[in-house]
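# Coordinate analysis (summary)
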Amino acid sequence: MIIVLRSGATQEEVDEVVERLKRLGFGAHVSRGVERTIIGAIGDERGVNLEEKIGVLPFVEKVIPVLAPYRLASREYQKTDTVVKVGNVEIGGGKLVFVAGPCSVESEEQVVETAVRVKEAGAKILRGGAFKPRTSPYSFQGLAEEGLKFLAKAREITGLPVVTEVLGVEELPLVARYADMIQIGARNMQNFRLLEAVGKLRKPVLLKRGMMSTVEELLMSAEYILVQGNYQVVLCERGIRTFEPSTRNTLDLSCIPLVKMQSHLPILADPSHGTGRSDLVEAMSLAALAAGADGLIIEVHPNPIEALSDGPQSLTPEQFNHLMKEIKKLAATMGKEV
Ligand code: PEP
Ligand code: MN
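It should be emphasised that the depicted structure is a prediction, and the values quoted were computed from it without experimental measurement. (Residues numbered from 1 in each chain as written. Chains lettered and ligands numbered in written order. Predicted model: local features only at pLDDT ≥ 70, side-chain atom pairs only at ≥ 80, totals over all residues. Heavy atoms only, no water.)

## Topic: the overall build of the chain
Of regular secondary structure, the chain possesses 11 helices and 14 strands. On the principal axes, the C-alpha backbone points of the chain span a range of 75 × 45 × 35 Å. Burial analysis of the chain (338 residues in total) assigns 52% to the buried set. When the accessible area of the chain is evaluated, it comes to approximately 15,100 Å², of which 53% is carbon and sulfur surface. Treating the 40 positive side-chain charges of the chain as one cloud and the 43 negative ones as another, the clouds have centres 3 Å apart. (Helix = DSSP H or I, 4+ residues; strand = E, 2+ residues; numbered from the N terminus. Buried < 20%, exposed > 50% of the residue type's maximum accessible area, 1.4 Å probe, protein only. Areas by Shrake-Rupley, 256 points an atom, 1.4 Å probe, with all protein chains shown as cover. Lys, Arg positive; Asp, Glu negative; His and termini not counted. Charge placed at Lys NZ, Arg CZ, Asp CG, Glu CD.)

Following this line, the structure appears as structure tokens:
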């Protein structure tokens, strides 16, 4: 942490900062310039909020952190990419991974048909929500355990591992019994009790970025899971809220290479929620892969017009098949395997 004092700071003021730092367990390196005095706080700044403890002093102009506030999620902590295994599928191992399926599980036929079709097209993991986080309490809320059973049936038929969302700590044991990977949705990215609970599981977690969360907050949420001993975390960029109303969210593509620089965790992109429009999904899928995403999660429905949730952003199986063909061409030019 670097502490910049206001111009004209006196020796007593410098001494006070040094003294406070000592009391907090930090060493201090004082550097007196012509106009400004700068003090380097020596020690691990992550456990102590120096911005609060030192930044409040009237003669301190600013406190600049040097280390990222997350530790286990950072590239400094682990140089090599984490590879997360979901069933036999590896995410982050260099091969691009595609997760596809309906927004909501609606019936056995719907999810089995979708699973068979997306598998044929090249998907490696099946997605589908049985517990749905809907804005309106009057909207379809999901089939709950029945939906989990349909997902398990689709897995049995296709062999695809299943990722599904958990909404609350209370239903985690139930969801974990059926799921190969647990999804923490955007609305729950900062549900810290839930993050701790999935951190105690030994199952892979798909952590979606909150719609109003910064990259740092996303990585801090991942840290909550890692610190409990669960290192199988995959991040997901699913779009953030901006002023632009033409799309449901703004898919933040720049966060993908940024996360890759700052963290060793794999990251998927979700162009379905990222745009809210099926006609934009293909372009944004290709763009996200070009930006370095480890794969994609895409909503596919056999009949999007009849979907009980997120129909406008869902691809038909035919459209998904077309997308996968385009992805294969792109992957070849990028020297990546699909
Ligand atoms: C979903 O994947 O269907 C979903 C609700 O996603 P998000 O949490 O990103 O909105
Ligand atoms: Mn959805």
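Additional details are given in the paragraphs that follow.
## Some thoughts on a positive patch on the surface
Taken together, the side chains of K95, K119, K124, K325 and K328 make up a positively charged region of the molecular surface. For K95, a relative accessible area of 41% translates into the label partly exposed. (Patch = residues over 30% accessible without salt bridge, like charges linked within 9 Å, V, L, I, M, F, W, Y side chains within 5 Å. Salt bridge = Lys/Arg side-chain N within 4 Å of Asp/Glu carboxyl O.)

## As for the sheet that holds strand β14 (residues 295–299)
Reading around the circumference, β7-β8-β9-β10-β11-β12-β13-β14 is the order of the eight strands in this closed barrel, with parallel pairing throughout. This sheet shows a mean twist of 25° between the axes of neighbouring strands, independent of strand direction. Relative to strand β12 (residues 233–237), strand β11 (residues 205–208) runs parallel, the two sharing four bridges. Bridge pairing in β12 places L206 opposite V234. In the packing of helix α6 (residues 192–200) onto the sheet, the strands contacted are β10 (181–184) and β11, and the crossing angle to β10 comes to about 170°. (Pairing = 2+ DSSP bridges. Axes fitted to C-alpha atoms, helices over the stretch in contact; angles between N-to-C directions. Contact = heavy atoms within 4.5 Å.)

## Structural notes on the side chain of E165
With respect to the secondary-structure elements, E165 resides in strand β9 (residues 162–165). Of the side chains with opposite charge, K132 comes closest to the buried, unpaired E165, at an N-O distance of 4.8 Å. Discounting residues that sit within four places of it in the chain, E165 has contacts with F131, P133, V175, Q183 and G185.

## Details of helix α7 (residues 215–226)
Taking 1.5 Å per residue as the helical rise, α7 with its 12 residues ought to reach 16 Å, and the 16 Å between its terminal C-alpha atoms agrees with that figure. When α7 is considered as a whole, its buried residues turn out to be V215, L218, L219, S221, A222, E223, I225 and L226. As for α7, its buried residues are in contact with α6, β11, β12 and α8 (255–262). (Expected span 1.5 Å × (residues − 1).)

## Regarding the coordination of the manganese ion (ligand 2)
Here the manganese ion (ligand 2) is held by C103 (SG), H273 (NE2), E299 (OE) and D310 (OD), and the distances to it run 2.0 to 2.4 Å. Here the donor residues for the manganese ion (ligand 2) map to a single chain with the spacing C-x169-H-x25-E-x10-D. Placement of the pair is H273 in helix α9 (residues 271–275) and E299 in strand β14, with a sequence separation of 26 residues. Comparing H273 with E299 shows no difference in burial state: the two are buried. (Donors = N, O, S within 2.8 Å, 3.2 Å for Na, K, Ca; no water.)

## Here's the deal with the sheet that holds strand β4 (residues 60–64)
Reading across the sheet, the four strands line up as β2-β3-β1-β4 and stay open at both edges, with antiparallel pairing between neighbours. Every interior strand has two partners, whereas the edge strands, β2 (27–32) and β4, have only one. Strand after strand, the sheet turns through a mean of 20° between neighbouring axes, direction not considered. Across six bridges, the pairing between β2 and strand β3 (residues 37–42) is antiparallel. Within β3, the position partnered with V30 by the bridge is I39.

## Concerning the pattern of salt bridges
For side chains bearing opposite charge, pairing can occur when the charged atoms are close. As enumerated under the stated definition, the model contains 17 salt bridges in all. Across the pair D44 and R46 runs a salt bridge whose closest N-O atoms are separated by 3.3 Å. Taking the relative accessible area as the measure of exposure, D44 reaches 35% and is therefore partly exposed. The closest approach of N and O atoms between R209 and D252, which form a salt bridge, is 2.8 Å. Taken together, the residues span a long stretch of sequence, with R209 in the loop between β11 and α7 and D252 in the loop between β12 and α8 at a distance of 43 residues. Comparing R209 with D252, the two get one shared label, buried.

## Brief notes about a nonpolar patch on the surface
On the surface, I2, I38, I64, V66 and L67 cluster together into a nonpolar patch covering about 360 Å² of accessible area. Mapping I2 onto the fold places it in strand β1 (residues 2–5). Residue classification places I2 among the partly exposed residues on the basis of a relative accessible area of 33%.

## Observations concerning the site of ligand 1
R127, A186, R187, K208 and R238 are the nearest of the 13 residues found near ligand 1. Interatomic distance of 2.7 Å between a side-chain N/O atom of R238 and an oxygen atom of ligand 1. In isolation ligand 1 has 300 Å² of accessible area, and contact with the protein removes 98% of it. In the shell around ligand 1, the residues fall into three nonpolar, three polar and seven charged. (Near = heavy atom within 4 Å. Polar contact = N/O pair within 3.5 Å; in protein donor to acceptor, adjacent residues only side chain to side chain. Nonpolar A, V, L, I, M, F, W, Y, C, P; charged D, E, K, R; others polar.)

## A short note on the environment of G128
In this fold, G128 is placed in the loop between β8 (125–127) and α4 (145–158). G128 gets classed as buried once you look at its relative accessible area, which sits at 3%. Separated by 200 residues in the primary sequence, G128 and K328 place their C-alpha atoms 24 Å from one another. Those residues in contact with G128 that sit more than four places away from it in its chain are P102, C103, V105, L151, V163 and T164.

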